[in-house]
Amino acid sequence: MTAVPPPSSGQELSNPPTDGVSNLRFSNHSDHLLVSSWDKTVRLYDATANVLRGEFSHGSPVLDCCFHDDSSGFSASADNTVRRFVFNSNKEDIIGKHDAPVRCVEYSYAAGQLITGSWDKTLKCWDPRGANGQERTLIGTYQQPERVYSLSLVGNRLVVATAGRHVNVFDLRNMSQPEQRRESSLKYQTRCVRCYPNGTGYALSSVEGRVAMEFFDLSEASQTKKYAFKCHRKSEAGRDIVYPVNAIAFHPIYGTFATGGCDGYVNVWDGNNKKRLYQYSKYPTSIAALSFSRDGHLLAVASSYTFEEGEKLYEPASISPSKNHHEPDAIFVRNVNEIEVKPKPKVYPNPPA
Amino acid sequence: METTCGSLLCELKIIWDEVGETDKDRDKMLLELEQECLEIYRRKVDQANRCRAQLRQAIADSEAELAAICSAMGERPVHIRQSDQSAGSLKEELSKIIPQLEEMQKRKVERKNQFLEVVEQIQIISSEINGSTSSISSKVVVDETDLSLRRLEELHRQLHALQTEKSDRLKQIQVHLGTLNSLCLVLGMDFKQTISEIHPSLDNSEGCKDISLDLIERLATAIKKFLDVKVQRMQRLQDLATTMLELWNLMDTPIEEQQMFQNITCNIAASEHEITEPDTLSVDFINYVEAEVLRLEELKSSKMKELVLKKRTELEEICRKTHMVIEADSAIEYAIEAIESGVVDPSCVLDQIEVQVAKVKEEAFSRKDILERVDKWLFACDEECWLEEYNRDENRYNAGRGAHLTLKRAEKARALVNKLPAMVDALASKTIAWEKERGTEFTYDGVRLLSMLEEYTILRDEKEQERRRQRDQKKLQGQLMAEQEALYGSKPSPSKSQSVKKGPRISTGGASNRRLSMQAPKADSIHSTRVPATPLSRPSSRKSDRGHQIEHDDGLTALATGRRNLSRNSSFGSNYEPESPMMRKPFAPISLPAENGTFATPMKSTNVPEEDYTKTPKVMSFVPATPQTVSVPMQTAVTPAPPSHQPIPYAANVAKEVAPEEVEYSFEEIRAGFVLSSAHTKSIHV
C-alpha cells in the first residue's frame, strides 16, 4: 500500500481531521462539505476551493453532523449532546441531550425537524427554531428496540436501523409508532442505511460485506424486487476476507449508489440493473463515509480507519507496515464522470465486450 | 301800495290843481287809469291760469307715462293718485312724481337692454341653426309694450332651448366626424379632403362651425355612402381571402408566404364593424391582395397538373396500403391527357379525384380491422414456413451461437402455428360478414381474400396429409430398423452431416443472424480454448446462490435448457483455464458458497458470469486496480450465508472479545467505550 494515493482518487483536502472521520456531508446548496470527526471537531470545507472554512471544537468525539442550511449545521456528540453551530459567527449552542452518546443526526427539510438517534435506544425530534434549552426544542422522544446505528430520511419517511438488526420505518407526521417494523434481511450487524432518492425503498449494509436493497411497498410485486448482494470482499491465499460496508451514498440524479468498505474500495452500483458500474482505485484505508454533492458531480470520500480492528496508532505505513498502525485520516474529493454513475440499460444479448 | 297809489293821486291832484284841469278831464283821466289797471290784472290772472293748467297737464302726463311703464314692465303702479287727498300744491305733486318717473324710466331702459341681449343671442343661435347667415338682422327689435319678467324668462327659456339644440348638433357633428374619420382610415381616404368637400367650414378646426340640419344630413349621407363602400370592399376582400385560402390549401403554400397575408385571412369571417385597422380596405390594398390572388391563380393553373398527379399518388398510396385496386385508374389517365389538351377544367378533375380519395379512405377504414388480421395471418404464415424449414434442420439443437434465440423463435412460431386455423376461421367469418354488409367482394391486392384463405386451407390440409404420410413411413422405417437390429445387432447411427448446420442459420432471418455473427468470435474462443467441460454439481448450488435471478430467468431456462447447459458449462470450464489465475487478482471479489458453508471451495467463480452466461471470460477478467467502466453484475443472494464459519474478521471477533454476554457492539461503540448498562442489556430484543 502506498501512502500517496494514485491521482485518480481525487483531490485530497488539506487540513484534514486529526482522528477518524465519523461522517461527511455535502451541502444541499453549495459544494461546502461538513465533516465530523473523532478528533472532537466539526469542520466545514469548501470542497471546490480546498479551503477549511471553519472548525468547531466539542468536548467529545463527534459521531455525526449535518447541514441545517448553508449557514448553520448540527452535530451529534459522544458527550450525549446535540449541538447547533452557525458558521459565520462561530457560535454554537446545545439543542438538547440524550442519555447516551448520540450516534446520528438528520435534518428533515420536509418537517423542519432535527432527528437524532442515540445509543440510549431512543429517537428524538427537535425543533431547531425553538429557543435554547431542551424543554423548548424537544418535540418528542421515541423509544427504539435497540441502540440506533443509522438513520436515513426521504420525504416524510424515516428509516431507523438499530443494533440487533432492527429496522423501523417511520412517517415523520406520525411518530407515535413505526409505520413498519422490520428485521434486517442481512444476518449481521447493520452498518448503514440510506433511502433511495426516489423514495421507494432503502439500501442497508452490514458488517459482512453485503448490501440489501429493500422496498417500502409491502405488496408482493414490490417485495419480489428486493434482493441482497455481496461486495467488499477479497480472497487471499485461499481465505475469504469479508469487510464491513461502512457507507452508502446515492447519486442525487441517477439513483445509482456508491458503497465504501473497510477494504478501502469505493464501488458504484446500478441497483435497478444489478450491475457494478465502477470501482475506484483503492484508498489508503477504510472508507468511513461517502457523500455526493448536490448535483452529483463531486464525491467526497473519507478514507479513515473505522476501528474495525480495535485500537491502532496512526503511523505512516512507510515507516513500519505493522498491524497496529493505520494510514492517515484523509478526505478525498473526486470529480465524478457521468460514465461512472450513469446506469447502463440492460442489454440482451450482450454487446461485444 | 295804497299809499303809493294815494300819494300818486295826491301828487296828481296837486299837479292838476296847479295845472288847473277841469273836473271833467280829471274824471276822464281817472277812469282811463282805472280801466288800464283792470286790464293789467286780467292779463296776469289769465297768465296764472294758463300756468296752472300746464302744471296739471304735466302731472297727468307723468302719471300716464308712469302707468304705461309699469304696465309694460308688468309691475303694479307705484303711485296711485288720490286727487282729493292730494296734500300739496300742484307743484309739490309734480316734484313728487318726477323722480318716480325717472326711476322707472331707468329701470325700463335696463330691462330693455336685457331683452335686447337675449333676443340678440336668440337671433344669432337660431340663425346658426337655420343656417341662414345672411338673415341676421342688423337691428334687434324689442316689443316695448311687454318688458315683463315673465316675457324675459320666456325668452331665456327659448334661448336655452336653442343653446341645447346647438350643442346637441355640435355633438352629433362630432360623432359623425369621428365615424367618418374611422371610415376614411379604413378605406384609405383623405379625411380632410372628404370633410372639406362636405362643408368647407368643417376643415378649419377653430372657425365658425355650421351646425345646420342640412350639414348633419350631408354628413349622414356621406357616412352611409362610405359604409356602403366599406361593406362592398369588405366583401370583395373576403372573397379574395377565401379564394386565397383555397389556393393555399390546394398548393400547400409555405407558412412564411401565408404569413404575409395573415392579416387578411384573419378577417375572413369578420363583420363590418370588426374591421377597424387603417388601410385594410383601401383601394391600393385590395389591389395588392387581388394581385396576389391572381398570382396564386396563375401558379395554380400551372400547378394544376402537378396537383392532379399528387392527388392521384395519394390515392394510389392509400390503395396500396389497404391492398385495394384503383378502379378508375384509366379514367384519371385520360383526365390528365384532357387537362394537357385543355379540354377539361383541371379543378373539376381534381374534385373528382378528391371525391374518390374520400371514398377510398372511407372504405379503407372499414377494411382496417380485417387488414390487421390479414397482416397477422400473413406473418403467421411466414413463421410457419420458417418453422418448417427449421424443423427440417437436423442440427437445430446444436450448440451454435445465438441458438437460444432461434429456439425462442421456434417456440413462439410453434405457438403461433397452433393458433393458425383459428385465425383463418376468424378471418374468414369476418370477411364474409364484411362482404355481406357491403355487398362487394373483399379483395386483397385484387385477389379475393376468401379465395386466398380457401387456397391456404387446402394447402395446409395437403401438407398435413403429407406429414402424416411421412410419419407413417418413419414408423415403418423404425420397425424395419428394429427388425434389422434383431437380425444384425447393430443400430445405424443417425447421420449428422455438418453441412446442414449452416442451413437453419440462414433461415433464422436478418435480426437473429446479425446477433449470431456478433457473438461468433467470442463463442469460438470459448470453444477453442476451453478444457472439455466436466459437468459438476456446481450448477445446482449456484442456482440457490443466485436466488432471485434464476427465478426471473426460469421461463427462458425451460425454453432452452439443453443449449443453456452447454454454454454454462463452457463458462465454468473457463475458470480452469491456465489464464484464470490472472483473472482473479487479489481483490477480485469471490462468491461464497452458500449451502455447505466452507469458504475454501475449490470452485470459485468470479462474480461476473452469474447472470449473463453469454458473456465471455474476457469480460470477467477485470482488474480492480484499474478502474473499469464495464458494468459488472452484482452478486445477489436471498439470504446471507449461515454464520457458523463465516469469515467476518472484525465484527464477530470483536463482539466476542468485548461482549462475552453476547451483546454486539458497533465499532463506534467499542471505540467510544460505550457499554450497555445491565438495565439496558435486559431490554435487548424486546
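This is a predicted model, so every value here is computed, not measured. (Residues numbered from 1 in each chain as written. Chains lettered and ligands numbered in written order. Predicted model: local features only at pLDDT ≥ 70, side-chain atom pairs only at ≥ 80, totals over all residues. Heavy atoms only, no water.)

Chemist: An account of the nonpolar core is needed here, citing residue identities and associated values.
Modeler: Most often, soluble globular proteins keep nonpolar side chains buried together rather than apart. Residue and element names in this part refer to chain B. Of all hydrophobic cores here, the largest spans 66 residues; its most connected members are Ile 173, Leu 180, Leu 237, Met 244, Ile 264, Leu 281 and Val 289. Those elements that place two or more of their residues in this core are helix H2 (23-73), helix H3 (90-130), helix H4 (149-187), helix H5 (191-198), helix H7 (213-251), helix H10 (283-321) and helix H12 (346-392). Looking at which element gives the most residues to this core, the answer is H7, with 14 residues. Beyond its immediate sequence surroundings of up to four residues, Ile 264 is in contact with Leu 237, Ala 241, Phe 285 and Val 289. (Core = buried A, V, L, I, M, F, W, Y, C linked by side-chain atoms within 4.5 Å. Buried < 20%, exposed > 50% of the residue type's maximum accessible area, 1.4 Å probe, protein only. Helix = DSSP H or I, 4+ residues; strand = E, 2+ residues; numbered from the N terminus. Contact = heavy atoms within 4.5 Å.)

Chemist: Quick rundown of the sheet that holds strand S1 (residues 11-12) of chain A? Include the residues and the values.
Modeler: Each strand in a sheet pairs with its neighbour through backbone hydrogen bonds, running either in the same direction (parallel) or in the opposite one (antiparallel). All names here are of chain A. Across the sheet, which stays open at both edges, the four strands sit in the order S1-S32-S29-S28 with antiparallel pairing between neighbours. On the outer flanks of this sheet lie S1 and strand S28 (287-292), each paired with one strand and no other. Inspection of the sheet shows S1 paired to strand S32 (residues 330-335) by two bridges, in the antiparallel sense. Across the sheet, Gln 11 pairs through a bridge with Val 333, a residue of S32. (Pairing = 2+ DSSP bridges.)

Chemist: Provide a residue-level description of the sheet that holds strand S16 (residues 166-171) of chain A, including the pertinent values.
Modeler: All names here are of chain A. What the four strands build is an open sheet, ordered S14-S15-S16-S17; its pairing is antiparallel. Both outer strands of the open sheet, strand S14 (148-154) and strand S17 (180-183), are each paired with one neighbouring strand and no more. Sheet twist, expressed as the average angle between the axes of neighbouring strands with direction ignored, equals 20 degrees. Sheet topology places strand S15 (residues 157-162) next to S16; five bridges connect them, and they run antiparallel. Bridging from a neighbouring strand, Leu 158 pairs with Phe 170 of S16. (Axes fitted to C-alpha atoms, helices over the stretch in contact; angles between N-to-C directions.)

Chemist: Explain the packing of H2 of chain B against H3 of chain B to me, and be specific about the residues and the numbers.
Modeler: To describe two helices that pack against each other, one gives the angle between their axes and the distance between the axes. Residues and elements named next belong to chain B. The contact between H2 and H3 brings their axes to 9 Å, and the two run at 30 degrees. Between H2 and H3, the angle falls in the class roughly parallel. H2 and H3 meet at a crossing whose hand is left-handed. By residue class, the composition of the contact of H2 with H3 is 13 nonpolar, three polar and nine charged. (Parallel < 35°, antiparallel > 145°, perpendicular 65-115°, else oblique. Left-handed = near helix turned anticlockwise from the far one by under 90°. Nonpolar A, V, L, I, M, F, W, Y, C, P; charged D, E, K, R; others polar.)

Chemist: So what's going on with the pattern of salt bridges? Residues and values would help.
Modeler: Applying the stated criterion to the full structure yields 44 salt bridges over all chains. Among the ionic pairs, Glu 214 of chain A bridges to Arg 182 of chain A, the shortest N-O distance being 3.6 Å. Residue Glu 214 of chain A is located in strand S20 (residues 210-215), and its partner Arg 182 of chain A is located in strand S17; the two are separated by 32 residues in the primary sequence. On the basis of relative accessible area, Glu 214 of chain A is assigned to the buried category, the value being 4%. Residue classification places Arg 182 of chain A among the buried positions, given a relative accessible area of 14%. With a shortest N-O distance of 2.9 Å, Arg 191 of chain A and Glu 668 of chain B are connected by a salt bridge. (Salt bridge = Lys/Arg side-chain N within 4 Å of Asp/Glu carboxyl O.)

Chemist: Any chance you could break down H10 of chain B for me, citing the residues and the numbers?
Modeler: Lys 303 of chain B marks where H10 of chain B bends most, by close to 50 degrees. Positive phi shows up at His 323 of chain B, right after H10 of chain B, with a value of about 55 degrees. (Bend = angle between axes of the 7 residues up to and from the residue.)

Chemist: Can you explain H7 of chain B? Please cite residues and give values.
Modeler: End to end, H7 of chain B covers 56 Å across 39 residues, agreeing with the expected 57 Å (1.5 Å per residue, within 8%). Two residues or fewer past H7 of chain B, Asp 252 of chain B is found with a positive phi of approximately 55 degrees. (Expected span 1.5 Å × (residues − 1).)

Chemist: Would you mind going over the packing of aromatic side chains in detail, with residue names and values included?
Modeler: In the structure shown here, the tally under the stated rule is 21 aromatic pairs over all chains. Measuring from centroid to centroid gives 6.3 Å for Tyr 227 of chain A and Phe 229 of chain A, while their planes differ by 35 degrees, and the two rings are tilted. Judged by centre distance (5.2 Å) and plane angle (50 degrees), the ring pair of Tyr 283 of chain A and Phe 332 of chain A falls under tilted. Residue Tyr 283 of chain A is located in the loop between strand S27 (275-279) and S28, and its partner Phe 332 of chain A is located in strand S32; the two are separated by 49 residues in the primary sequence. One exposure class covers both Tyr 283 of chain A and Phe 332 of chain A, and it is buried. Here the aromatic cluster, defined as three or more aromatic residues joined through ring pairs, consists of Tyr 196, Phe 215, Tyr 227, Phe 229, Phe 250, Phe 257 and Trp 269 of chain A. Geometry around Tyr 280 of chain A places Arg 334 of chain A over its ring, the cationic atom sitting 3.8 Å from the centre. When the ring centre of Phe 442 of chain B is taken as origin, the NZ or CZ atom of Arg 367 of chain B, which lies over that ring, is 4.1 Å away. (Phe/Tyr/Trp six-rings, centres within 6.5 Å; stacked < 30°, edge-to-face > 60°. Lys NZ or Arg CZ within 6 Å of the ring centre and 35° of its normal.)

Chemist: Describe the confidence of the model for chain B, with residues and values.
Modeler: Low-confidence regions, as indicated by low pLDDT, have predicted coordinates that should not be scrutinised in detail. Residues and elements named next belong to chain B. A residue-level look at chain B finds 66% of positions with pLDDT of 70 or above and a mean pLDDT of 71. Residue range residues 651-660 is modelled with pLDDT below 50. Its contacts to residues more than four positions away, or to other chains, number 11 contacts. Across residues 680-686 the pLDDT falls below 50, and counting only partners more than four positions away or on other chains, this stretch makes 12 contacts in the model. The ipTM assigned to the predicted complex is 0.89, against a pTM of 0.43. (pLDDT = per-residue confidence, 0-100.)

Chemist: Provide a residue-level description of the pairing of strand S9 (residues 91-97) of chain A, including the pertinent values.
Modeler: All names here are of chain A. Bridging between strand S8 (residues 81-86) and S9 involves six bridges; their strand directions are antiparallel. Bridge pairing in S9 places Arg 84 opposite Asp 93. Hairpin connection, S8 to S9: the antiparallel pair is bridged by four residues, and Asn 90 has positive phi, about 60 degrees.

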